[in-house]
Amino acid sequence: MAKPLQSPKQAVDLARRGGTVSRIRRDPPPPPKKVASRRSREREQLVMVVGVLSFALALFAILMGLSLYGGWSPGHYTIAIDTS
């Protein structure tokens, strides 16, 4: 069998406990920003309501535009009520 070549570097013992400890000093992470949860929740609800209403209004405007373009109108129908 071939004999490994000698290296000028010293071998590292990986089985040894406690090895070298990193000497890099790091600053602790900044504390999280405090947010008033009640105000943010109210704002979130307001934004949600405004978003839903704007989507409904846009959908209504598109449907009305398509119905006017197609020549359809609710006035074309007559409702007859039988009272007998």
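An account of the accompanying structure is given in this report. (Residues numbered from 1 in each chain as written. Predicted model: local features only at pLDDT ≥ 70, side-chain atom pairs only at ≥ 80, totals over all residues. Heavy atoms only, no water.)

The subject of this paragraph is the overall build of the chain. Within the chain one finds one helix and zero strands. In the chain, buried positions account for 1% of the 84 residues. Accessible surface for the chain amounts to roughly 9,800 Å². Of this, 63% is attributable to carbon and sulfur atoms. (Helix = DSSP H or I, 4+ residues; strand = E, 2+ residues; numbered from the N terminus. Buried < 20%, exposed > 50% of the residue type's maximum accessible area, 1.4 Å probe, protein only. Areas by Shrake-Rupley, 256 points an atom, 1.4 Å probe, with all protein chains shown as cover.)

For the rest of this paragraph, the subject is a nonpolar patch on the surface. A cluster of nonpolar side chains, Phe55, Leu59, Ile62, Leu63 and Leu66, forms an exposed patch at the surface whose accessible area comes to about 540 Å². Locating Phe55 in the fold gives a position in helix α1 (residues 37-70). The class for Phe55 is exposed, based on a relative accessible area of 58%. (Patch = residues over 30% accessible without salt bridge, like charges linked within 9 Å, V, L, I, M, F, W, Y side chains within 5 Å. Salt bridge = Lys/Arg side-chain N within 4 Å of Asp/Glu carboxyl O.)

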